Amino acid sequence: MNRIGHLGFSLFLFSPFLVLFSAKDVVSAVIFSLLPDIDLILKIKHRIYTHNFAFAFALFFTFFILLGDIKMSFFIFLGIISHILADLLTKTPFAPFYPISGKKFALKLFRSDNKIVNYSLLLLGTISFAYFYGIKI
Ligand SMILES: [Zn+2]
């Protein structure tokens, strides 16, 4: 899934949280849903070191130590998890349990660069966010 798709997927997933949590919390999860693909920028192996639950836990603890805010750290954790879930829908297998297990998974529903899927998710996520943010106001 590309950035557009991850934004849409996480917006769709986390918008209902606006009923109970602040927009800052929800937007943190949405922004951090983009972080795992930093491996592409850093030019390290794609979907290995930043696309697993251990990375999500490591970031949770790092941000908890840095910010001292367990709720914000948890939303950051959720953002990373949503990225992993969204990438699991695509055709390319990867190991979400790395480094504990190297077993690779993929639901192979579509290619990660599928424009129809990515833009549909962005539209769906935007509508969902507007709806729940509207309820909040
Ligand atoms: Zn990814």
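Remember, predicted model here, so these are calculated numbers, not experimental data. (Residues numbered from 1 in each chain as written. Predicted model: local features only at pLDDT ≥ 70, side-chain atom pairs only at ≥ 80, totals over all residues.)

1. Remarks on helix α4 (residues 53-67)
Residue pairs spaced three or four apart in an α-helix point in one direction, given the helix's 3.6 residues per turn. End to end, α4 covers 21 Å across 15 residues, agreeing with the expected 21 Å (1.5 Å per residue, within 8%). Taken as a whole, α4 has its buried residues at Phe55, Ala56 and Phe63. Down the axis, α4 shows its buried residues gathered within 100 degrees of arc, on one side only. The exposed residues of α4 that point more than 90 degrees off its buried face are Phe61 and Ile65. (Helix = DSSP H or I, 4+ residues; strand = E, 2+ residues; numbered from the N terminus. Expected span 1.5 Å × (residues − 1). Buried ≥ 20, exposed ≤ 12 C-beta atoms within 10 Å, placed from the backbone. Arc of directions from axis to C-beta.)

2. Considerations on helix α2 (residues 23-32)
Within α2 the residues assigned to the buried category are Asp25, Val26, Ser28, Ala29, Val30 and Phe32. As for α2, its buried residues are in contact with α1 (3-14) and α5 (70-88). (Contact = placed C-beta atoms within 7 Å.)

3. Focus: the packing of α4 against α5
α5 packs onto α4 with a crossing angle of 155 degrees between their chain directions and a minimal axis gap of 8 Å. The orientation of α4 relative to α5 falls into the category roughly antiparallel. Where α4 crosses over α5, the two elements pack in a sense that is right-handed. Two secondary-structure elements touch here, α4 through Phe55, Ala56, Leu59, Phe60, Phe63, Phe64 and Leu67 and α5 through Ile70, Met72, Ser73, Phe74, Ile76, Phe77, Ile80 and Ile81. (Axes fitted to C-alpha atoms, helices over the stretch in contact; angles between N-to-C directions. Parallel < 35°, antiparallel > 145°, perpendicular 65-115°, else oblique. Left-handed = near helix turned anticlockwise from the far one by under 90°.)

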